[in-house]
Amino acid sequence: MKSKDFISIRDFAPQEIWHFLDVACQIKAHPQAYSSALKGKTLAMIFEKPSLRTRVSFDVGIEELGGHPLYLSPAEISLGKRESVYDVAKNLERMVQGIMIRTFAHDIAEQMAKHASVPVINGLTDYSHPCQALADYLTMLEVKGRLGGLKVAYIGDGNNVAHSLMFAGAQLGVEVWIATPPGYEPDGAAVAWAAERCVATHASCTITNDPVVAADRADVIYTDVWTSMGQEAEARTRREVFQPYQVNAGLFACAQPDAMFMHCLPAHRGDEVTDDVIDSSRSFVFQQAENRLHVQKAIMRELMGDGAIPEREKVPDSVLELVK
Ligand code: CP
Ligand code: NVA
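Residues numbered from 1 in each chain as written. Chains lettered and ligands numbered in written order. Predicted model: local features only at pLDDT ≥ 70, side-chain atom pairs only at ≥ 80, totals over all residues. Heavy atoms only, no water.

(A) Representation of the overall build of the protein within the structure. In terms of helices and strands, the protein carries 13 helices and nine strands. For the protein, whose C-alpha radius of gyration is 20 Å, the value lies close to the compact-globule estimate of 20 Å for 324 residues. For the protein, long-range pairs separated by at least 24 residues make up 75% of all intrachain contacts whose partners lie at least 6 apart in sequence. Accessible surface computed for the protein: about 13,800 Å², of which carbon and sulfur atoms make up 53%. (Helix = DSSP H or I, 4+ residues; strand = E, 2+ residues; numbered from the N terminus. Rg over C-alpha atoms; globule rule 2.2 N^0.38 Å. Contact = heavy atoms within 4.5 Å. Areas by Shrake-Rupley, 256 points an atom, 1.4 Å probe, with all protein chains shown as cover.)

(B) Region of interest: the packing of aromatic side chains. By the definition in use, this model includes ten aromatic pairs. Plain terms: the ring middles of Phe47 and Tyr71 are 5.6 Å apart, the flat faces sit at 40 degrees to each other, and that makes the pair tilted. Within this pair, whereas Phe47 is found in strand E1 (residues 42-47), its partner Tyr71 is found in strand E2 (residues 68-72), the two being separated by 24 residues in sequence. A relative accessible area of 1% places Phe47 in the buried class. Residues Trp226 and Phe242 carry aromatic rings whose centres are separated by 5.9 Å and whose planes lie at 20 degrees to one another, so their mutual orientation is stacked. In this pair, Trp226 is assigned in the loop between strand E8 (220-223) and helix H10 (235-241) and Phe242 in the loop between H10 and helix H11 (249-252), connecting sequence segments 16 residues apart. Of the two residues, Trp226 and Phe242, both sit in the buried class. Ring pairing ties together the aromatic residues Phe6, Phe12 and Phe20, which thus form one cluster. Sitting above the plane of the Phe104 ring, Lys49 keeps its charged end 4.7 Å from the centroid. Here Lys151 stacks its cationic end above the ring of Trp177, 4.4 Å away from the centre of that ring. (Phe/Tyr/Trp six-rings, centres within 6.5 Å; stacked < 30°, edge-to-face > 60°. Buried < 20%, exposed > 50% of the residue type's maximum accessible area, 1.4 Å probe, protein only. Lys NZ or Arg CZ within 6 Å of the ring centre and 35° of its normal.)

(C) Representation of the site of ligand 2. Residues in contact with ligand 2, as listed here, are Leu124, Asn159, Asn160, Val161, Asp224, Val225, Ser228, Met229 and Leu265. Contacts to ligand 2 include Asn159, whose side-chain N or O atom sits 3.3 Å from a nitrogen atom. Within the contact set of ligand 2, an oxygen atom lies 2.8 Å away from a side-chain nitrogen or oxygen of Asn160. Surface burial for ligand 2 is 95%, taken as the share of its 270 Å² of free accessible area covered by protein chains. Grouping the amino acids of the shell around ligand 2 by side-chain chemistry returns five nonpolar, three polar and one charged. (Near = heavy atom within 4 Å. Polar contact = N/O pair within 3.5 Å; in protein donor to acceptor, adjacent residues only side chain to side chain. Nonpolar A, V, L, I, M, F, W, Y, C, P; charged D, E, K, R; others polar.)

(D) Local environment of the packing of helix H7 (residues 160-172) against helix H8 (residues 188-201). Contact pair H7 / H8: the axes reach a minimum separation of 8 Å and the direction vectors enclose 20 degrees. The orientation of H7 with respect to H8, classified from their angle, is roughly parallel. Both H7 and H8 take part in a crossing whose hand is left-handed. Residues His163, Met166, Phe167, Ala170 and Gln171 of H7 form the contact with H8, whose own contacting residues are Ala190, Val191, Trp193, Ala194, Arg197, Cys198 and Thr201. Across the contact of H7 with H8, the residue classes tally to eight nonpolar, three polar and one charged. (Axes fitted to C-alpha atoms, helices over the stretch in contact; angles between N-to-C directions. Parallel < 35°, antiparallel > 145°, perpendicular 65-115°, else oblique. Left-handed = near helix turned anticlockwise from the far one by under 90°.)

(E) Fine view of the pairing of strand E3 (residues 98-102). Burial analysis of E3 places five of its five residues in the buried class, which makes it a mostly covered element. Alternating residues of E3 divide into Gly98, Met100 and Arg102 and Ile99 and Ile101, and every residue in both groups is buried. Across five bridges, the pairing between E1 and E3 is parallel. If you follow Ala44 over to E3, its bridge partner there is Ile99. The pairing of E3 with strand E4 (residues 120-122) spans three bridges and is parallel. Across the sheet, residue Met100 finds its bridge partner in E4, namely Ile121. Handedness of the crossover joining E3 and E4 through helix H5 (residues 106-115) is recorded here as right-handed. (Pairing = 2+ DSSP bridges. Right-handed = clockwise from strand over helix to strand, strands pointing away.)

(F) A look at the site of ligand 1. Taken together, Ser51, Leu52, Arg53, Thr54, Arg102, His129, Gln132, Cys264, Leu265 and Arg292 are the residues near ligand 1. Measuring from an oxygen atom of ligand 1, one finds a side-chain N or O atom of Ser51 at 2.6 Å. Taking Cys264, its main chain carries an N or O atom lying 2.9 Å from a nitrogen atom of ligand 1. Protein contacts shield 96% of the accessible area of ligand 1, which totals 260 Å² for the unbound molecule. Of the residues in the shell around ligand 1, the class split is three nonpolar, four polar and three charged.

So, in structure tokens, the structure goes:
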């Protein structure tokens, strides 16, 4: 692996992304074979934002690999206020074998990875959600049986989920379309990175303000909340601006007749998606949620498994050795 951490899909080569997906598939098919893979290892889980799926899937995932989860709530650590990111990293690396972090500024996750000698996994930042993207593409593979040539249309906010979907799509040879209202497009540097990567992988990445053009004959229609965690003050404005981007029966009908609907969840039913779409037989949102468990087990196994973590300083067998 190029990186000791899992901070961004961009930090890996396409074959490494495929490897994570392959391991996830094997773990999903044969969970018992991996029940001791991380025996005795502890994953510290730092949450500065709420969660259902990330919390449960990492918690259950590390247990199923033979290890232990350690949940650290926002009030407990108070990253950067009670204690610096550097000091938190230097403390945790001496007691746990991996760190999962859900935080606001992406830079905090990067700093944690830089300072901690143990693997750090990004469980969502304002900028990206790489574990989600791996689960998304595993789900598409399971349902569609391929990724190459698939048209994936993400309709809504050019946010963290959109960024990771775009990065992973560019790595895996997918035709990704992102339709947002003007002013809510994905980050320019993120789009530029994806466009460059697409050249080598025969993928494509198109940004538009037209949801119908994006949805037209798409194999996958994907959406996310209009107001992400931390943006609550903008909720009213966003609700108005994003209305034309709602995934409803009309927009879903523009896609292929067998198109799948995806959503990272939590969903705000009646806003970004209507009940008839999210509850339809072509909605795979709960399979997608379950796949968080399998891909994260693969990530933890690859990054925290024996040999992946550098040895710490030699520890004497007896305190008497210290007083010689
Ligand atoms: N999709 C996702 O990350 O869900 P949570 O916010 O509930 O963890
Ligand atoms: N974009 C959403 C994703 C939640 C999983 C948020 O950041 O709140």
